[in-house]
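In case you want the letters, here they are:
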Amino acid sequence: MVKKSTYYLFITLLVLFASLSEAKAQRVISTDTLQKSIPKDTAADLQTTVFYSAVDSTILDADKQVVNLYGGAKVKYGEISLEANYIRLDWAKNEVYAIGTQDTLTKKIIGLPVFLQGSDKYDSDEIRYNFKTKRAIIKGIVTQQGEGFVQGKNVKKDEEENLYIRNAIYTTCNLTHPHFHIKASKIKVVGKKEIISGPFHFELNDIPLPIGLPFGFFPYSQPKEAGKSGIIMPTYGEEPNGRGFYLREGGYYWAASENIGIRFTGQIYSKGGWGLGANSQYNKRYRYTGSFNLAFNRNSNGDEFAPTKRTDFALQWSHAPRSVGNSSFSASVNVASNSYNQYNSFNTQQYLSNTIGSSVQYSRNFGQTVRTSINLRINQNTSTRVFDAGTDFNFGLNQIQPFKKKNSLGDRFIDQFRIGLDFSGGISMTNQVGDPYTRYEFDVYPRSSNSLRGTIQKPFIPTGADDVPPGVIPVDASTLPILWEKAQTKFNYSIPLALPNLKLTKHINLTPGVSWSGNMYTRSYKYTYVAADSTVRIDTVGGLPKFNSQIAFSASMNTRLFGTLRFKKGRLEAIRHTLVPSVSLSYTPDYSDPSFGYYQDVRINNRKFINTEGKEQIGDIRRISTFDPRTMSYGGASGAVSFGFQNTLEAKLKTKSDTASVLTEKVRILDNFGINGSYNLLAKEYALSNIGFNLASRVKDFDINMGGSFDPYLYVADPLFFDIGRRTPDYMFSQGAGLARLQGFNFSIGRRFSAGKPKPKENKNASEAQMNQINRNLDDYVDWNVPWNFSFSYQYSMNRTGLASPQNISGLSFQGDISLSEKWKFSVTSGFDFKYKGLTYTNMSVHRDLHCWEMNFNWTPIASPFYGRASNYSFDLRVKSTLLQDLKLSRRRSFYDKGGF
């Protein structure tokens, strides 16, 4: 390597000598990578300086004004750069020529030219470019235009950046030898706007297909943060007993801006059904994120003699802004027709779900003391068709210490006294204007309105999509006056008073409290017993708002107890039991006394019996709330003792390896086991509440949950109380009938198995909004990096009232997928209903990764027996996004609406 000072002196003398000599010769100027330049003054047509360099050697022909660059040659002129193994720079013609060279060892061509102009890149076999005219002649070009790739043998490039290509192909496959392409004799790439083709045909794996057109037009634009606008290819399939053959989820994606993108889709069925939809994802960095989805479907079964048409709609809106200052706003709106999920949903969870909830919330705090909030809510059950909506508000004052001095350093006993305020209210509206089955211990007038009065409420199983339970009316313009008339306005207030804590012992604190609360109603009820029919007549009373209020006193105590059982042999060193008992006392005066006006004593039947005073009595008496017929009081003043026990159990084990850095490990045996209940010291009857219990544990990655309640009181058969029986104030154990009756029980166990846990995805080519959307919905994609995944869950529940037969629900659900190879994945979702002894909703899908394409086949052999749904299948073959290609993810197109009408 020549020293730099000597090199510069040598170059200066050489240039001076060349200018004086008339001899014509080529001279070797450089044998290193030092960069040289041609000043723009040297050639009047150059607009800026040309920089060039070479790794091997640089040969200057001063007379011809030509520079030959060998080995790793580079030339840079403004925003243009060129790299190749050989470059000839001719500044007399303002021209540069580049080509690859043959490797003497491998006999392969290396260093093929790579031409860069701004963001455009051109790979070629040979290129000639003129700095003055900005035109180029290229051979064997490969260039990316938008998300497509253009290849051609002979190419001309003009000064307006248009490309004229002969024997060209256009594809979205990023391989040198693509899987598919459009082949044309001539293609013109117009700037950065579109690609225009002459006659072309389609080739798949080099097989010409009889698909072509006399010309083609392919618009494209530069990549944007929101993605690329373009056509969405539909999915096709068949619903054998439903709407017929279909094309679904086809349409257009509009990348409106960097912050928002919108999918416009449609669907059409061979038997006359159709649908439209719009879906949008939007994001403003550091401000908000959200999504919006609107769907409208008009379905028809296509029956020639008895056609059935159905209109379904769905609206979802989710908005989550970043909180600013002391205020926050959020929205989660989900509204749909009752049959939308069952007949139109493409998602497994939506298809199986029967509850839809929406809420819009706004809250604002003023300083550290005042808090306010308001929300709108809509809830609906697509199985029972029950709909309720309303608005709620809350105004509150955080607890303050009125006796604490402003600059006090410590807390005096009286400083612990605190007072606060909560005031809330709302308007609620429901379409359940009557009870399909009684929810009371009495029959409601008139008896003939419902032959099932008095029986235990059973699950409503519709035989058709339009079946509505008794007492539930549809929600439309004609029923709005009825819904508004039965709407209930309610206001609540509460003034909590926190008294100073009292330390009873070192580990036990006593916390007393006083609460003053009340309600305001716009409607009340009057109850009249109809002896002739043995029913209770319920009349609605309007007029001025009605109030009730009450004062309650409370005190609570809690502590924590530990017990350890140690072992001397084996890996098990100790078992530790933690017990957290809690006891609270509360006193509330007898506000159920009719003199307050909050409850009414109402006769409910004609039963004759001997009461507790030894006298014959006709008819049971119940105290029913003046403001809610469903609320009854079985006692007067309440002096309740509430109790609870929370338990945890863990083991301490020695590690299996003697060389481990940690010698022992803790294993959780029981995460929580709790028992709770209360006893009313002042009640004359039914003093003890139901005893509830709950259990949660994780054993060898199995999640186990259990819970239920016991009723300690005796039920006896009584025809006036139907199959439920009559509840007596006698304890079961006092009558030799056992300790308590299991009233409700639920149990679940589940586990997930996989070869690896899915990790958040990253990609430098994607925007933050795109990656957030993907990582929030990883379950909606096929992850080819996880070879298999399986999860299952078993649920059992039992509920019963009194002597009535229990209502049991028992089912197993499971889902999983397995990558049969790097390119094949099989998925299945199913379950088994042990009550009805049959398979539940079942879906199978096959995914095939075809590099630049993806294939999905979905089959639903079993849908829902209640709605008469039929099985169906769908097939989807489409070009993949380059974004998902880099992520090794494929968008799931499974769980399509499974049939039938």
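For every chain, the first residue of the written sequence is number 1, and numbering continues from 1 onward in sequence order. Local features in this predicted model are restricted to residues of pLDDT 70 or higher, and side-chain atom pairs are both shown and tallied only at a pLDDT of 80 or more, whereas totals for entire chains, interfaces and linings draw on every residue. Computation of side-chain values covers all heavy atoms of the structure but excludes hydrogens and water.

A.B. asks: Explain the overall build of the chain here, please?
C.D. replies: Put simply, DSSP H or I for four residues or longer makes a helix, DSSP E for two residues or longer makes a strand, and each gets a number counted from the N terminus. Looking only at helices and strands, the chain features six helices and 61 strands. Here the term buried applies to any residue with accessible area under 20% of the maximum for its type, exposed to any over 50%, and partly exposed to those in between, with areas from a 1.4 Å probe on protein chains only. Here the chain, with 901 residues, has 39% of them falling under the buried criterion. Any two residues whose heavy atoms approach within 4.5 Å at even a single point are treated as in contact. A sequence separation of at least 24 residues applies to 53% of the contacts in the chain between residues at least 6 apart. Here the chain displays about 49900 Å² of accessible surface, and carbon together with sulfur accounts for 58% of that area. Exposure was quantified through the Shrake-Rupley algorithm and a 1.4 Å probe, taking into account, for residues, occlusion by the shown protein chains and nothing else.

A.B. asks: Would you mind going over the pairing of strand β23 (residues 244-254) with me for this structure?
C.D. replies: Every other side chain in a regular strand lies on the same face of the sheet, so the side chains alternate between the two faces. Alignment of strand β21 (residues 230-232) against β23, held across three bridges, turns out to be antiparallel. By the bridge assignment for β23, I232 is matched with G251. We treat two strands as partners when DSSP finds at least two bridges between them. Here β23 pairs with strand β24 (residues 260-269) via seven bridges, running antiparallel. Looking at β24, one finds that Y246 is bridged to Y269. Taking the residues that link successive antiparallel strands as the turn, the β23-β24 hairpin has five residues.

A.B. asks: Is there a simple way to think about the sheet that holds strand β41 (residues 599-603) in this case?
C.D. replies: Whether parallel or antiparallel, the strands of a sheet pair through hydrogen bonds between backbone atoms. Judged by pairing direction, the sheet is antiparallel, and its three strands sit side by side in the order β41-β44-β45 without closing on themselves. Sheet topology places β41 and β45 (632-633) at the edges, where each strand pairs with a single neighbour. As judged from the five bridges shared by β41 and strand β44 (residues 621-625), these two strands associate in the antiparallel manner. Of the residues in β44, the one forming a bridge with R603 is I621.

A.B. asks: So what exactly am I meant to see when it comes to a nonpolar patch on the surface here?
C.D. replies: Residues enter patches when they are more than 30% accessible in relative terms and free of salt bridges; like-charged ones are connected within 9 Å and nonpolar ones (Val, Leu, Ile, Met, Phe, Trp, Tyr) within 5 Å. Salt-bridge detection follows one rule: a side-chain nitrogen of Lys or Arg within 4 Å of a carboxyl oxygen of Asp or Glu. On the surface, a nonpolar cluster with roughly 690 Å² of combined accessible area is contributed by Y236, L247, I268, W274, L276, F296 and F313. Structurally, I268 is set in strand β24.

A.B. asks: Hey, could you run me through the nonpolar core in this one?
C.D. replies: A general feature of soluble globular proteins is that nonpolar side chains tend to end up buried together. As used here, the term nonpolar core means buried Ala, Val, Leu, Ile, Met, Phe, Trp, Tyr and Cys residues forming a set that is joined through side-chain atoms within 4.5 Å. L69 and I87 are the most contacted members of the largest nonpolar core, which has 42 residues in total. Setting aside chain neighbours within four positions, we find L69 in contact with Y52, S53, A54, S57, T58, K74, V75, N85, Y86 and I87.

A.B. asks: Even after reading the chapter, I still don't get the pattern of salt bridges, so can you show me in this structure?
C.D. replies: Close approach of charged atoms lets side chains of opposite charge pair. Taken as a whole and judged by the stated rule, the model has 20 salt bridges. The partner of R263 in a salt bridge is E249, with the nearest N and O atoms 3.8 Å apart. Here R263 is found in strand β24, whereas its partner E249 is found in strand β23, with 14 residues between them in sequence. Two residues, R607 and D718, come together in a salt bridge whose shortest N-O distance is 3.8 Å. With a gap of 111 residues between them, R607 in the loop between β41 and β42 (608-610) and D718 in the loop between β50 (713-716) and β51 (726-731) connect regions that are remote in the sequence. Three or more residues joined by partner-sharing salt bridges are found here, namely R607, D620, D718 and R726.

A.B. asks: Can you help me understand a positive patch on the surface in this one?
C.D. replies: Residues scored as positive are Lys and Arg, those scored as negative are Asp and Glu, and His as well as the terminal groups of each chain are ignored. Every charge is mapped to an atom, namely NZ of Lys, CZ of Arg, CG of Asp or CD of Glu. Together, R566, R576, K652 and K666 make up a positively charged patch on the protein surface. One can find R566 in strand β39 (residues 561-566).

A.B. asks: Before we go on, may I ask you to explain the side chain of S534 in this structure?
C.D. replies: Tracing the sequence through the fold places S534 in the loop between β36 (524-530) and β37 (535-541). At 3.4 Å, the side chain of S534 forms a polar contact with the side chain of Y529. The term polar contact refers here to a pair of N or O atoms within 3.5 Å; inside protein, the definition further demands a hydrogen-donor-capable atom paired with an acceptor-capable atom, and it admits residues adjacent in sequence only when both atoms are side-chain atoms.

A.B. asks: Looking at this structure, I do not really get the environment of H319. What am I missing?
C.D. replies: Among the secondary structure elements, H319 is positioned in strand β27 (residues 309-321). What makes H319 buried here is its relative accessible area of 14%. Distance from H319 to S330, taken between C-alpha atoms, is 5.7 Å for residues eleven residues apart in sequence. Leaving out residues up to four positions away in the same chain, H319 has contacts with Y282, Y288, T289, G290, F329, S330 and A331. Polar contacts involving the side chain of H319 include one to the side chain of Y282, which spans 2.8 Å.

A.B. asks: Which parts of the structure should I look at to understand unusual backbone geometry?
C.D. replies: Comment: phi is negative for the bulk of residues other than glycine, and the bulk of peptide bonds are trans. In this structure, E249 takes a positive phi of about 60° despite not being glycine. Positive phi, normally seen in glycine, also occurs at S534, with a value near 55°.

A.B. asks: Any chance you could explain the packing of aromatic side chains here in plain terms?
C.D. replies: Two numbers describe a pair of aromatic rings. These are the distance of the centres and the angle of the planes. Paired rings are identified among Phe, Tyr and Trp, the last through its six-membered ring, by centres lying within 6.5 Å, and are further divided according to the angle between planes into stacked (under 30 degrees), edge-to-face (over 60) and tilted (the rest). All chains considered together, the criterion is met by 30 aromatic pairs. On the numbers, 4.2 Å between centres and 10° between planes, the contact of Y521 with F627 is stacked. Within this pair, whereas Y521 is found in strand β35 (residues 509-521), its partner F627 is found in the loop between β44 and β45, the two being separated by 106 residues in sequence. Just above the ring of Y246 sits the side chain of R248; from NZ or CZ to the centre is 3.7 Å. Criterion for a charge above a ring: Lys NZ or Arg CZ within 6 Å of the ring centre, and within 35 degrees of the ring normal. Geometry around F609 places R607 over its ring, the cationic atom sitting 3.9 Å from the centre.

A.B. asks: What's the story with the confidence of the model for the chain in this structure? I'm lost.
C.D. replies: A low pLDDT score tells you not to read the predicted coordinates there in detail. Chain-level statistics for the chain give a pLDDT mean of 79 and a share of 80% at 70 or above. Predictor confidence is given residue by residue as pLDDT, running from a minimum of 0 to a maximum of 100. Throughout residues 1-34 the model reports pLDDT below 50, and contacts reaching past four residues in sequence, or to other chains, amount to 42 contacts. Predicted confidence for residues 883-901 stays below pLDDT 50, and this span has 110 contacts to residues more than four positions away or in other chains.

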